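# Structural overview
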Amino acid sequence: MTVIDTQELVKRYRTGGQTLDALAGIDFAIEPGEFVSIMGPSGSGKTTLLNILGLLATPTEGKVVLDGTDVTGLNDRKRTTLRKQTIGFVFQHFYLLPTLTAVENVKVPRLLNDDPGLTNRARKLLERLGLGDRLDHRPDELSGGQKQRVAIARSLINSPKLVLADEPSGALDSDTGRQILDEFKRIADQDNVAIVAVTHDELVNEYVDRTVHLVDGTIGQEGKNGR
Ligand code: ADP
Ligand code: MG
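From a predicted model like this one, the values you see are computed outputs, not experimental measurements.

Thresholds applied
Residues numbered from 1 in each chain as written. Chains lettered and ligands numbered in written order. Predicted model: local features only at pLDDT ≥ 70, side-chain atom pairs only at ≥ 80, totals over all residues. Heavy atoms only, no water. Core = buried A, V, L, I, M, F, W, Y, C linked by side-chain atoms within 4.5 Å. Buried < 20%, exposed > 50% of the residue type's maximum accessible area, 1.4 Å probe, protein only. Helix = DSSP H or I, 4+ residues; strand = E, 2+ residues; numbered from the N terminus. Contact = heavy atoms within 4.5 Å. Near = heavy atom within 4 Å. Polar contact = N/O pair within 3.5 Å; in protein donor to acceptor, adjacent residues only side chain to side chain. Nonpolar A, V, L, I, M, F, W, Y, C, P; charged D, E, K, R; others polar.

### With respect to the nonpolar core
F35, V106, L126, V150, I152, F184 and I195 are the most contacted members of the largest nonpolar core, which totals 36 residues. Looking at this core, the elements that each hand over two or more residues are α3 (102–107), α4 (118–128), α5 (144–155), β7 (162–166), α6 (174–191) and β8 (194–198). Counting residues per element, this core draws most heavily on α6, at five residues. If we skip the residues at most four places from it in the chain, I152 touches V90, L129, I180, E183, F184 and I187. In this structure, F28, V36, L55 and L66 belong to the second largest nonpolar core, which totals 27 residues.

In structure tokens, the structure reads:
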């Protein structure tokens, strides 16, 4: 089943008597196991689109279907529940909690409903991301790449169907960025998770299945990577 599907998304902002269509009719869909990048100049609507895909914002017009559920008319509480069950987030600046260890940071999305298996699951995710010897380290004891691996492990703690990443390699040098992109690709392939990465980084296009180009809130030509 298509993981997320949008139809004719419009996001309109009104400021000081002016209106601006930040998104002007976006049809976007992603299948399980696909790794897709969204590229476009500053102001083209990337963050707006990512926020709507993540159920963090609602469109002015159009429809969003997440994992078979039309979420367009859902109230905040239902959207939040669905978001937690279905979507993981990775950010440019990691957003780890400085006083928590790697394992504890990975557990954060689940702290309100801890369960006996959770610590083990967090450890396994970190081991899988190559951090088996950093489980009890705090963020200031980790490199940038290691911090982003912790953030990726955290995004997977609820077994999401969709991972949304905002400039995931933006704060990393290119070698470390490549390692992080390799991790995303592996997760998409092995776990059948759909991954959307918003980026300025041309490097990302070597790893993704396809690239969506945003220009002034509309989708331009779509590059398909032969794979
Ligand atoms: P990008 O992430 O590609 O830089 P954004 O999605 O942040 O683009 O913004 C798209 C357009 O919408 C920009 O012109 C921006 O100024 C405008 N915009 C974004 N958020 C708001 C807001 N809350 N109110 C008014 N205009 C906004
Ligand atoms: Mg942005």
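### Re the site of ligand 1
Surrounding ligand 1, one finds Y13, T15, L20, A22, P41, S42, G43, S44, G45, K46, T47 and T48. Contacts to ligand 1 include K46, whose side-chain N or O atom sits 2.9 Å from an oxygen atom. Within the side chain of T47, one N or O atom sits 2.8 Å away from an oxygen atom of ligand 1. Listing elements by their share of the shell around ligand 1, those giving two or more residues are β1 (4–15), β2 (18–30) and α1 (46–53). Here the residues of the shell around ligand 1 sort into four nonpolar, seven polar and one charged.

### Looking at α1
Judged by how many residues are buried, α1 sits mostly within the fold: six of eight residues are covered. Once α1 finishes, L55 follows within two positions and takes phi at roughly 60°, a positive value.

### Some thoughts on the side chain of T176
Relative to the elements of secondary structure, T176 occurs in helix α6. Given a relative accessible area of 17%, T176 falls into the buried group. Side chain to side chain, T176 and D173 meet in a polar contact 2.9 Å long.

No statement about biological role is implied by the geometric values presented.
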